Every structure is written in C-alpha cells, then in structure tokens.
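Spelled out, the chains give:
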Amino acid sequence: MGQPTKPRISVLCSGSGTNLQALIDACQDGRIPGEIVKVSVNKAGVKSLERAAKAGIPTDYFNMIKHGFRAAGEKDEQKKTEGRLKYDAALAQRILADRPDLVVLAGFMHILSTAFLDPMEQAGVPIINLHPALPGKYDGAGAIERAYADFEAGKLENNTTGCMVHYVIAEVDRGAPIVIQEIVLQENERLESLIERTHDAEHGLIVKAAAKLCAEIAEKRATHK
Ligand SMILES: Nc1nc2c(c(=O)[nH]1)N[C@@H](CN(C=O)c1ccc(C(=O)N[C@@H](CCC(=O)O)C(=O)O)cc1)CN2
Ligand SMILES: NCC(=O)N[C@@H]1O[C@H](COP(=O)([O-])[O-])[C@@H](O)[C@H]1O
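Residues numbered from 1 in each chain as written. Chains lettered and ligands numbered in written order. Predicted model: local features only at pLDDT ≥ 70, side-chain atom pairs only at ≥ 80, totals over all residues. Heavy atoms only, no water.

The next thing to look at is the site of ligand 2. Near ligand 2 you find 13 residues, and of these G17, T18, N19, P132 and E202 are the closest. At 3.4 Å, a side-chain N or O of H131 approaches a nitrogen atom of ligand 2. Note that an oxygen atom of ligand 2 is positioned 2.2 Å from one of the side-chain N or O atoms of E202. When the free accessible area of ligand 2 is taken as 440 Å², the share hidden by the protein chains comes to 86%. Within the residue set of the shell around ligand 2, elements represented by two or more residues are α1 (18-28), β5 (127-131) and α6 (191-223). (Near = heavy atom within 4 Å. Polar contact = N/O pair within 3.5 Å; in protein donor to acceptor, adjacent residues only side chain to side chain. Areas by Shrake-Rupley, 256 points an atom, 1.4 Å probe, with all protein chains shown as cover. Helix = DSSP H or I, 4+ residues; strand = E, 2+ residues; numbered from the N terminus.)

Next comes the structure, spelled out in structure tokens:
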C-alpha cells in the first residue's frame with residue numbers, strides 16, 4: 001500500500017509572505033502533515049511569489065482590476081460589487097482546480113464574498129485566516145496599529161492584544177477561532193516592538209493551525225476509506 005497523499009494546501013497572500021514562509025518550512029520539515037500545491041497572490045511582484053518559486057511551489061497572480069473584473073477607480077457601488085462577485089467566483093474556480101483540502105489566507109488583503117465562500121463550502125474545503133488581533137477585536141486591516149493606539153490611550157483591555165487563526169465566514173474576522181495567542185504589552189512599549197512580537201507569534205500560530213487541520217483531514221480520510 002502506497003503512502004497516503006498528504007492534505008493539499010492552497011495559500012493566498014498579498015504581500016511579503018513571512019507567514020507563507022513559515023508554512024513552507026513547516027511542510028518541508030514535517031511539522032505540517034500537508035503539502036502546499038499553489039500560492040495565489042492578488043498583487044504583482046510581491047515577495048510571496050519569490051518564496052513560493054524558491055520552494056518549487058506553483059504560483060498564480062490574479063487581480064480584480066488587472067484581470068478586468070473592475071475598472072480602476074470605479075466609483076459606482078453596484079459595478080464594484082458586481083466586479084468583486086465575478087472576481088471571487090473566478091478565483092474560487094482557479095483554486096478548486098488544484099483540488100485543495102484546505103485554503104489558508106496568509107496576509108490576503110481582500111474581503112471574500114459568498115461568490116468565493118459558497119463554492120468552497122460546497123466542495124467541503126475549509127478556509128482559515130490569520131488575523132493579528134484577538135477574537136472580536138479590531139476586525140479588518142490595520143489591527144496592530146489600532147490596538148496600539150488604544151494602548152497608548154490607556155484603553156486596551158488588560159494591556160492585552162494578540163493574534164488568532166480563525167475559520168473564514170462572510171463576516172470579516174468573525175469566524176470561529178481555531179488557535180489564539182495573547183500578547184501583553186509592556187509599559188511604554190513602542191509600536192515597532194509590538195509589530196515584531198505579533199509577527200513572531202503569527203509565524204508559530206499559522207503553523208499550529210495548519211498542522212491541526214491537516215492532521216484532522218488526514219485522520220478523517222484514513223477512517224472513511
Ligand atoms: N469573507 C471574509 N474575507 C476575508 C476575511 C474574513 O474573515 N472573511 N479575512 C480577511 C483578512 N483580513 C483580516 O484578517 C482583511 C483583509 C483585507 C481587508 C480589507 O479591507 N480589504 C479591502 C481592500 C484592501 C486593499 O486592497 O488593500 C477590500 O477587500 O475591499 C479586511 C480584512 C481576508 N478576507
Ligand atoms: N487582516 C489581515 C491581516 O492584517 N493580515 C496580516 O498581514 C500580514 C501578512 O504578513 P506576511 O505577508 O509577511 O505573511 C500578517 O501580519 C497578517 O496578520
């Protein structure tokens with residue numbers, strides 16, 4: 001009997017890809033019992049592409065405006081929504097073509113509509129996202145900076161923020177948490193320090209979450225042969 005195929009991971013990024021690199025390294029050394037089959041980016045020339053290419057992982061660049069789903073500077077809200085829905089539907093099919101078992105958003109700075117979420121759910125493919133805040137806090141982009149602003153204003157509860165990996169649902173950053181790590185700010189801590197500590201925590205957390213889900217997928221596959 002041959003070795004069972006490892007769970008197939010599709011990763012979406014928009015930037016430097018330090019969290020992608022943590023996933024690549026952990027798949028290569030076995031801490032994640034899975035394999036990354038595609039890295040998709042929505043921004044040209046980002047370092048995530050280099051990281052994937054260096055690891056021999058296929059890449060895809062797919063951008064809502066550059067690939068004609070929305071005109072640059074479009075102001076009409078209905079046309080913007082239509083463009084997002086068509087882009088998201090097309091993105092889902094591009095990703096599903098690789099037969100992933102898990103989709104990981106690792107710094108993917110695009111809000112996904114049901115045009116993406118529904119096909120993934122129908123295919124039984126979970127989507128997880130790394131977010132640099134605690135559940136229910138600082139939803140959306142710029143979370144670290146917003147938590148720090150509250151800390152400076154003496155409004156950050158218990159001087160504590162953190163990061164989490166959660167399931168992705170339509171409501172941004174409100175899906176069920178999978179793993180959470182708290183970060184307690186030190187007195188007079190600078191924003192640069194918090195950013196560094198948060199990114200370090202993220203690199204461990206995204207590996208922990210992907211490893212957990214890949215192990216569950218493999219176990220389910222083994223017991224339902
Ligand atoms: N349906 C969901 N989509 C996404 C989720 C989610 O939980 N549900 N998580 C985000 C990641 N994210 C925070 O973790 C996030 C990323 C980007 C934005 C945002 O405002 N994006 C803007 C465009 C910004 C840009 O292009 O620079 C947008 O999409 O209009 C909010 C939250 C990933 N998607
Ligand atoms: N709301 C989503 C969000 O803010 N995501 C954040 O983007 C960064 C990606 O870094 P990377 O490209 O070096 O992995 C990470 O800090 C991640 O939490």
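Another point: the nonpolar core. Generally speaking, soluble globular proteins have nonpolar side chains that are buried together. Counting 47 residues, the largest nonpolar core has I9, V11, I32, I36 and V39 as the members making the most contacts within it. The greatest single-element share of this core, amounting to 11 residues, is contributed by α6. Not counting residues within four places of it along the chain, the set of residues in contact with I32 comprises I9, L23, A26, C27, V207, A210, A211 and C214. Membership of the second largest hydrophobic core comes to 18 residues, among which are F62, Y87, I95 and L117. (Core = buried A, V, L, I, M, F, W, Y, C linked by side-chain atoms within 4.5 Å. Buried < 20%, exposed > 50% of the residue type's maximum accessible area, 1.4 Å probe, protein only. Contact = heavy atoms within 4.5 Å.)

This brings us to the UniProt feature "domain: Formyl transferase N-terminal" (unreviewed entry) in the protein. Following the UniProt record, the feature "domain: Formyl transferase N-terminal" (unreviewed entry) maps to residues 8-209 here. As annotated, residues 8-209 comprises 38% helix and 20% strand, and the C-alpha atoms at either end are separated by 15 Å. (UniProt positions renumbered as here; feature names shortened; annotations may be inferred.)

Our focus in this paragraph is the packing of helix α3 (residues 77-96) against helix α4 (residues 114-122). It is at 7 Å that the axes of α3 and α4 come closest, and there the two elements cross at 30 degrees. Viewed along their axes, α3 and α4 adopt a mutual orientation that is roughly parallel. Of α4, the residues touching α3 (which contributes L85, D88, A89, L91, A92, Q93, I95 and L96) are A115, F116, P119 and M120. Residue composition of the contact of α3 with α4, by class: 10 nonpolar, 1 polar and 1 charged. (Axes fitted to C-alpha atoms, helices over the stretch in contact; angles between N-to-C directions. Parallel < 35°, antiparallel > 145°, perpendicular 65-115°, else oblique. Nonpolar A, V, L, I, M, F, W, Y, C, P; charged D, E, K, R; others polar.)

Attention now moves to the site of ligand 1. Around ligand 1 sit 18 residues in total, of which R84, H110, I111, L112 and D173 are the nearest. Within the contact set of ligand 1, an oxygen atom lies 3.0 Å away from a side-chain nitrogen or oxygen of H131. Starting from 700 Å² of accessible surface for ligand 1 in isolation, the protein chains cover 74%. Applying the majority rule of atoms within 2 Å of the grid points places ligand 1 in the largest pocket. Broken down by element, the residue count for the shell around ligand 1 peaks at 3 residues, all from β5. For the shell around ligand 1, the residue count by class is 11 nonpolar, 5 polar and 2 charged. (1 Å grid on protein atoms, 1.4 Å probe; cavity = no way out; pocket = protein on both sides within 12 Å on 5 of 7 lines; lining within 4 Å. Sits in = over half its atoms within 2 Å of the grid points.)

Turning to the packing of aromatic side chains, a few remarks are in order. With the rule as written, the count across this model stands at 4 aromatic pairs. Seen from their ring centres, F69 and Y87 are 5.7 Å apart, and the 75 degrees between their planes marks the pair as edge-to-face. With a gap of 18 residues between them, F69 in the loop between β3 (59-61) and α3 and Y87 in helix α3 connect regions that are remote in the sequence. Judged by relative accessible area, F69 falls into the partly exposed class, the value being 23%. Accessibility expressed as a relative area gives 1% for Y87, which makes it buried. (Phe/Tyr/Trp six-rings, centres within 6.5 Å; stacked < 30°, edge-to-face > 60°.)

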